[in-house]
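Residue-level structural notes
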Amino acid sequence: MKKIIFCAAILLSCLTYKSATAQIRISLGLNINSQPDWGPVGYDHAEYYYMPDIDAYYDVPNHQYVYLQNNVWIHAGALPPRYANYDLYHGYKVVVNQRNPWEHAADFRAKYSGYKGRRDQQVIRDSHDNKYANHYKENNGPGRGDRGHDDHGHDDHGHDRP
């Protein structure tokens, strides 16, 4: 009888441990739902995106852009007018999971300068993976959100629009 109780206790503790581990992973590691439509696929967690084409960052949890203006890093809900022609859906994004990456901007510029002009990165909008079904969708236009199409005459599915 003691062996049965002992085995049951071990089994119960194993199940409790596994459940607690899964809950910790979900609460600390995943932020897929915070990632925007134009974010790169393949990342369960992203704090920032670095965009080498415009030397700017996107703060994923706070949904803010971080860019240099008059030698000051600005945090704003939209990119400034000088980036109006920048295509978030096709520009390359580097996932950065460190605090305040713009404080090391020179390092990022040097390390990722070779990614300028790359247009081969799949974005969340174009993924068919169910894990992106409830991702964050901004609603104030490409370059600063998602109107359901990009600025290049395509709808959300890559089809030409009138």
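Below is a short write-up of the structure. (Residues numbered from 1 in each chain as written. Predicted model: local features only at pLDDT ≥ 70, side-chain atom pairs only at ≥ 80, totals over all residues. Heavy atoms only, no water.)

1. Details of the environment of His45
Within the fold, His45 resides in the loop between α1 (2-29) and β1 (48-51). Note on His45: relative accessible area 25%, which makes it partly exposed. Sequence separation between His45 and Leu30 is 15 residues; the distance between their C-alpha atoms is 4.9 Å. (Helix = DSSP H or I, 4+ residues; strand = E, 2+ residues; numbered from the N terminus. Buried < 20%, exposed > 50% of the residue type's maximum accessible area, 1.4 Å probe, protein only.)

2. So, helix α2 (residues 105-112)
Residues Ala105, Phe108 and Tyr112 constitute the buried set of α2. All buried residues of α2 fall inside an arc of 60° around its axis, so they share one side. Opposite the packed face of α2, turned more than 90 degrees from it, sit the exposed residues Ala106, Asp107, Ala110 and Lys111. For α2, the elements touching its buried residues are β1, β2 (56-59), β4 (72-76) and β5 (94-96). (Arc of directions from axis to C-beta. Contact = heavy atoms within 4.5 Å.)

3. Some remarks on the packing of aromatic side chains
Taken as a whole and assessed by the stated rule, the structure comprises 16 aromatic pairs. Taking the centre distance of 6.2 Å and the plane angle of 15° together, the rings of Trp38 and Tyr65 count as stacked. Of this pair, Trp38 sits in the loop between α1 and β1 while Tyr65 sits in strand β3 (residues 64-69); the two residues are 27 residues apart in sequence, bridging distant segments of the chain. Between the aromatic rings of Tyr67 and Tyr83, the centroid separation amounts to 6.5 Å while the plane-to-plane angle is 85°, which identifies the pairing as edge-to-face. One end of the pair, Tyr67, is in strand β3; the other, Tyr83, is in the loop between β4 and β5, and 16 residues separate them in sequence. Take Tyr67: its relative accessible area is 6%, and that puts it in the buried class. Using a relative accessible area of 13% as the deciding quantity, one classes Tyr83 as buried. Ring-pair connections join several aromatic residues into one group, and the members of that group are Tyr48, Tyr50, Tyr57, Trp73, Tyr92, Trp102, Phe108, Tyr112 and Tyr115. (Phe/Tyr/Trp six-rings, centres within 6.5 Å; stacked < 30°, edge-to-face > 60°.)

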